[in-house]
Amino acid sequence: MPVAPPSPSLKRLPPGTWVVLAWCGGMAFTFLLRLRLPGEWHPAMRPAAQFFRWDGLVDMALATALVAACGALLRRRPLPALVLVLAASVFGTLPLGVAEIPLPQFLAAEVAVFLIAAERPRGTGVVAVVMALATLGAYLAVRLMCGWPIGVSSETAVALTTVIAWLLGNSVRESREHAEQLRARAATQAVSDERLRIARELHDMVAHSIGVIALQAGAARRVIGTQPERARDALGEIETAARQTLSGLRRMLGGLRGPGQGRPASPGPLETAPLEPGAGLAGVDRLAATTTQAGVRVDVRRLGEPRPLPPEIDVSAYRIVQEAVTNVVRHAGTASCRVSIDYRDDEVRIEVLDDGRGGDSGDGYGLIGMRERVGVLHGTFAAGPRPEGGFRVEARLPVPAGVR
């Protein structure tokens, strides 16, 4: 039978609330033990003389107030909050007439030890468990000095459960730290992979430009003596291609030198092999047709005057559209999305909108990969849920003045 996921309201409960709930549960259990329940000949435990007197009730009320104060203070100052709940366990035990601090009275303290060990550094957790065990030992020592009997066996069991609570909390903290280390390591490796992929595409574009230069140079050499005008045109093409290639190299290599963080998306169903030299936004219509055939309609809208872009901007713009549409297919749960390509004077603006239940999350690998590409080109990137529903991805890639 499938297990229902925990309620979101339970996930949002602050740590101090769990301590208060544990105390209330322990107090309820304490009262039930001292009442004759249906089917019983007598209560499981005899109440002490002061249990139902005003002084015993005052002690219990004071203990409950201390636990409430602990719940309010636990997140900001965990060790002072633990002192309050330990004092509450002592005050809550006084009216019971027992020889040790029972487990129901110490349950809230154990929950506090668990939470401190799980959410705070190791040293703080060690101090917390030592304080709890010292309280148990001090309670027995005071009774012993007063000549009263003590419950060593019962108190040892409470001490063992306290140590177990600390061990569980410490394990939770170590597991979380290990997971964070793995995520950081994977993110670093994945960014290196993404940058290598960008470098391969840059290599393809540079190779294409050098090929064009070689062809034009060969043509100019052949006709320079007989058709100087054609040779002059060929040399102009060589100069233009060389300048654009050098400009693109400076921009992209300057961005690739800086350290990055995050993880790009793993290849999805819409991702292809590295683009052919010279390909880019011209392939968006083909991508839209492929995605539409797969079941998600992609409406493409172009604004402004389309014009040739530097190869590194053209390819990166296509990759951003490709990844954003892939996220719609994977995560949005919608039948359509809209892609806008706005050619402005000083930039190209890419926007992908959908009306689904939300795309890749803010920490998603696909979004981080897109942000990495935009950062390399010194652009701006934004992604997040839309107020009216759905998800929005926007990238602005600046276009150098020489190629506008």
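Scroll up to find the structure this text is about.
Note that the structure is predicted; figures quoted are calculated from it, not measured. (Residues numbered from 1 in each chain as written. Predicted model: local features only at pLDDT ≥ 70, side-chain atom pairs only at ≥ 80, totals over all residues. Heavy atoms only, no water.)

Within the protein chain, the secondary structure is distributed over 11 helices and five strands. A buried classification covers 42% of the 404 residues belonging to the protein chain. In the protein chain, the proportion of contacts linking residues at least 24 apart, taken out of those at least 6 apart, comes to 73%. (Helix = DSSP H or I, 4+ residues; strand = E, 2+ residues; numbered from the N terminus. Buried < 20%, exposed > 50% of the residue type's maximum accessible area, 1.4 Å probe, protein only. Contact = heavy atoms within 4.5 Å.)

Take helix H10 (residues 311-332) next. In a regular helix each residue adds 1.5 Å, so 22 residues correspond to 32 Å; H10 covers 30 Å between its end C-alpha atoms and thus fits that length. Counting buried residues in H10 gives 18 out of 22 residues, a clear majority hidden from the surface. (Expected span 1.5 Å × (residues − 1).)

Pairing between side chains of opposite charge can happen when their charged atoms approach one another. Under the counting rule described, the total for this entry stands at 16 salt bridges. Among the salt bridges present, the one from Glu 394 reaches Arg 349, with a minimum N-O distance of 2.6 Å. Of this pair, Glu 394 sits in strand S5 (residues 391-398) while Arg 349 sits in strand S3 (residues 347-354), and the two are 45 residues apart along the sequence. The partner of Glu 388 in a salt bridge is Arg 386, with the nearest N and O atoms 2.7 Å apart. Of the residues examined, Arg 386 reaches a relative accessible area of 15% and is grouped as buried. Salt bridges here are not isolated pairs; linked through shared partners, they connect Asp 342, Arg 344, Glu 347, Arg 349, Glu 351, Arg 392, Glu 394 and Arg 396. (Salt bridge = Lys/Arg side-chain N within 4 Å of Asp/Glu carboxyl O.)

If you check the backbone angles, His 378 has positive phi at about 60° while not being a glycine. When you line up the elements, His 378 lands in the loop between helix H11 (365-376) and strand S4 (380-385).

Val 19, Trp 23, Leu 82, Val 85 and Phe 106 are the most contacted members of the largest nonpolar core, which totals 36 residues. Among the elements of the structure, helix H2 (15-33), helix H3 (54-73), helix H4 (78-93), helix H5 (103-119), helix H6 (122-145) and helix H7 (152-223) are those that each provide at least two residues to this core. Top element by residues in this core is H5. It accounts for eight residues. Once residues lying within four places of it in the same chain are set aside, the contact partners of Leu 82 are Ala 109, Ala 112, Val 113, Ile 116, Ala 128 and Met 131. (Core = buried A, V, L, I, M, F, W, Y, C linked by side-chain atoms within 4.5 Å.)

Attention now moves to the pairing of S4. Inspection of the sheet shows S4 paired to S5 by six bridges, in the antiparallel sense. The residue of S5 that forms the bridge with Thr 380 is Arg 396. As consecutive antiparallel partners, S4 and S5 are separated by five residues, and within that stretch Gly 389 has a phi angle of approximately 110°, a positive value. (Pairing = 2+ DSSP bridges.)

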